[in-house]
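Examination of the molecular architecture
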Amino acid sequence: MKKVKWGVLGAGGIADRRTLPGMMLTDNAELVAVMEVVPGLAPKLAEKYGAKRWYTDADSLLADPEVEAVYIASPVGFHASQVRAAIKAGKHILVEKPVAATSAESKALCDEAASKGLLMATGLMMRFNTYHQQIKKLIADGKLGQVVSCHALFSCWYPDMPGNWRQSKATAGGGAMTDMGIHCLDLIEYITDSKIVKVGGLAETMTFKYDVEDASSALFKLSCGAFGTVDAYFNIPDEAVKWRLEFYGTKGSIITEGTIGQMDGGDAYAILTGGDKAYDATQDRNETGAVKLSGELGNIYAREIASFSDSILNGTPVEVPAYDGARIQKVIEKIYESQETGKFFELA
């Protein structure tokens, strides 16, 4: 089988923890080169994952003629310049979110890549969770009837760490909503096949001292008519919370715990009523009838790499186009603006 030859910019961090192990499980991707600026780390990563070459600067990797596609997992502040350089070098691009500092710049880079005939995807890998894909199909098949409400909660305990790039607005662009909430907003749009058309929210540094928000909540309306909320927090202890994703419709509900995250798994339950019951004045709640979804679990990062590689090799549609990441980034910008102005905003 023909394989896409990959290079990785910023091969430590999430690349080492998740994406490179996932790449090793694919049959249509081959790791050719890694780049990492941390002294001594690049050769160790090359040896660990069997890369042919290693580099300590992005330009050298991008000049490698064997590299066909690059995965960019550097800190956010480097994304735009590295994406621009990768486009100039003629490489297909998978870049972690966000693509650039602003949604306008992210969209401009998407346009630039498209004008060169290059594919660009963004790292919203939670779309590849087994249960998320099942839920998307159930909703598309009308099993929930009219979707009326969606909710997601994603959080972690992220105390002050001097020098941490994610805790600085200059290097991260935003806090909990930019880092974590972006996945939830994208999942809700993806699963419902609807776009956020109206949004407002709150975002504050409530607990810690860094200059990005550690607490954020969004309230929005989808193009399908449903209302939604997303909560993203850096100030809730890890052991004290259940990551939840919920969809409610006129014929039932689907509720998950632990499906949001970096692993394929969690639990998902569907209650499908058919929507033909009469009004119950007693409002007695009978929670029987929930069906636990099941499926073949795997590695969402392997699926992400395999999917994008297939798009490069066979022309299949990119499953997570970077344009989608730019759109969700614009939604988040409006959430931050809502915090400042107290207004809701319409989105095209």
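See above for the structure.
Residue positions are counted from 1 within each chain, in the order its sequence is given. In keeping with the predicted nature of the model, local features appear solely for residues at pLDDT of at least 70, side-chain atom pairs appear and are counted solely at 80 or more, and the whole-chain, interface and lining totals rest on all residues. Only hydrogens and water are set aside when side-chain values are computed; all heavy atoms of the structure are taken into account.

**A closer look at the overall build of the protein**
Runs of H or I in DSSP of at least four residues are treated as helices and runs of E of at least two as strands, each being numbered from the N terminus. When its secondary structure is counted, the protein shows ten helices and 15 strands. In this setup the radius of gyration rests on C-alpha atoms only. A globule is expected at 2.2 Å times the number of residues raised to 0.38. The C-alpha radius of gyration computed for the protein amounts to 21 Å, which stays within 12% of the reference 20 Å derived for 348 residues, consistent with globular compactness. Referenced to the eigenvectors of the C-alpha coordinate spread, the extents of the protein come out at roughly 70 × 50 × 40 Å. Only protein chains enter the accessibility calculation, which uses a 1.4 Å probe. A residue is then buried if its area is under 20% of the maximum for its type, exposed if over 50%, and partly exposed in between. Residue burial in the protein is summarised as follows: out of 348 residues, 50% are buried. Contacts spanning at least 24 positions in sequence make up 68% of the contacts within the protein whose residues lie at least 6 apart. Here the protein displays about 15,900 Å² of accessible surface, and carbon together with sulfur accounts for 54% of that area. Across the protein, the centroid of the 36 positively charged side chains sits 3 Å from that of the 44 negatively charged ones. Note on contacts: a residue pair qualifies if any of its non-hydrogen atoms lie within 4.5 Å across the two residues. Note on areas: these come from Shrake-Rupley sampling with a 1.4 Å probe, and a residue is covered only by the protein chains present in the view. Residues counted as positive are Lys and Arg, residues counted as negative are Asp and Glu, and His and the chain ends are not counted. A charge is said to be at NZ when it belongs to Lys, at CZ for Arg, at CG for Asp and at CD for Glu.

**As for the sheet that holds strand E10 (residues 227-233)**
With respect to topology, nine strands assemble into an open sheet ordered E14-E13-E12-E11-E7-E10-E9-E8-E15, the strand pairing being mixed. The outermost strands of the open sheet, each flanked by one partner alone, are strand E14 (291-292) and strand E15 (345-346). For strand E7 (residues 147-155) and strand E11 (residues 244-249), the ladder comprises six bridges, and the chain directions are antiparallel. Among the inter-strand pairings, valine 147 is bridged to a residue of E11, identified as glycine 249. The strands touched by helix H8 (residues 176-192) are E7, strand E8 (196-204), strand E9 (215-222), E10 and E11; relative to E10, the strand with the most contacts, the crossing angle is about 155°. The convention used is that axes are lines fitted to C-alpha atoms, helices contributing only their stretch in contact, and that angles between N-to-C directions extend from 0 to 180 degrees. Contacts from helix H10 (residues 322-341) reach E8, E9 and E15, with the element oriented near 55° to E8. For two strands to pair, DSSP has to find at least two bridges joining them.

**Quick word on the layout of surface pockets**
Detection works on a 1 Å grid of protein atoms alone, calling trapped sets that fit a 1.4 Å probe cavities and calling open sets with protein on both sides within 12 Å along at least five of seven lines pockets, with lining residues defined by an atom within 4 Å of a point. Grid points are joined across faces, edges and corners, and a volume is the space filled by probe spheres set on the points. What the largest pocket holds in volume is close to 950 Å³. The wall of the largest pocket is formed by 43 residues, among which Ile14, Arg17, Trp165, Arg166 and Asp179 lie closest to the centre. At the level of elements, helix H1 (14-23), helix H4 (79-88), E7 and H8 are the ones that each hand at least two residues to the lining of the largest pocket. Broken down by element, the lining of the largest pocket gets its largest block of residues, four residues, from H8.

**Here we look at the side chain of serine 194**
Mapped onto the fold, serine 194 is located in the loop between H8 and E8. We define a polar contact as two N or O atoms separated by no more than 3.5 Å, with the added condition that, inside protein, one atom must be a possible hydrogen donor and the other a possible acceptor, whereas residues neighbouring each other in sequence contribute only through side-chain atom pairs. Reaching out from serine 194, the side chain makes a polar contact with the backbone oxygen of threonine 192 at a distance of 3.2 Å. Among residues more than four places away in sequence, those in contact with serine 194 are Glu189, Leu222, Ser223 and Cys224.

**Here we look at unusual backbone geometry**
Following lysine 97, the chain continues to proline 98 via a peptide bond in cis, the omega torsion being -15°. Inspection of the secondary structure puts proline 98 in the loop between strand E5 (92-95) and helix H5 (103-115). Of note in this structure, aspartate 193 is not a glycine but carries a positive phi near 55°. Assignment of secondary structure puts aspartate 193 in the loop between H8 and E8.

**Here's the deal with the sheet that holds strand E6 (residues 120-122)**
An order of E3-E2-E1-E4-E5-E6 is seen for the six strands of this open sheet, with the pairing classed as parallel. At either end of the open sheet lies a strand with only one pairing partner, and these are strand E3 (53-55) and E6. If you compare each strand with its neighbour and ignore which way they point, the axes differ by 25° on average. Pairing geometry for E5 and E6, over three bridges, is parallel. Bridge pairing in E6 places leucine 94 opposite alanine 121. Taken strand by strand, H4 contacts strand E1 (4-9), strand E2 (29-35), strand E4 (69-72), E5 and E6, and its axis lies near 165° from that of E5.

**Points about the nonpolar core**
In this structure, Trp6, Met177, Leu185, Ile188, Phe220 and Phe247 are the most contacted members of the largest nonpolar core, which totals 75 residues. Broken down by element, the residue count for this core peaks at ten residues, all from H8. Ignoring any residue separated from it by four or fewer positions in sequence, one finds phenylalanine 247 in contact with Ile135, Ile139, Leu144, Ser149, Cys150, Ile188, Ile191, Thr192, Gly252, Ser253 and Ile254. As used here, the term nonpolar core means buried Ala, Val, Leu, Ile, Met, Phe, Trp, Tyr and Cys residues forming a set that is joined through side-chain atoms within 4.5 Å.

**A look at the pattern of salt bridges**
Here a salt bridge means any side-chain nitrogen of Lys or Arg lying within 4 Å of a carboxyl oxygen belonging to Asp or Glu. According to the stated counting rule, one finds 21 salt bridges in the structure shown. Among the ionic pairs, aspartate 186 bridges to arginine 127, the shortest N-O distance being 2.7 Å. Residue aspartate 186 is found in helix H8, and its partner arginine 127 is found in the loop between E6 and helix H6 (130-140); the two are separated by 59 residues along the sequence. In this structure, aspartate 186 and arginine 127 share a single accessibility class: buried.

**Structural notes on the environment of lysine 3**
Along the chain, the position of lysine 3 falls in the segment before E1. Overall, lysine 3 belongs to the partly exposed group, its relative accessible area being 36%. The spatial distance from the C-alpha of lysine 3 to the C-alpha of tyrosine 301 is 17 Å, given a sequence separation of 298 residues. Setting aside anything within four residues of it in sequence, one finds lysine 3 in contact with Asp27, Asn28, Ala29, Glu30, Glu68 and Leu313.

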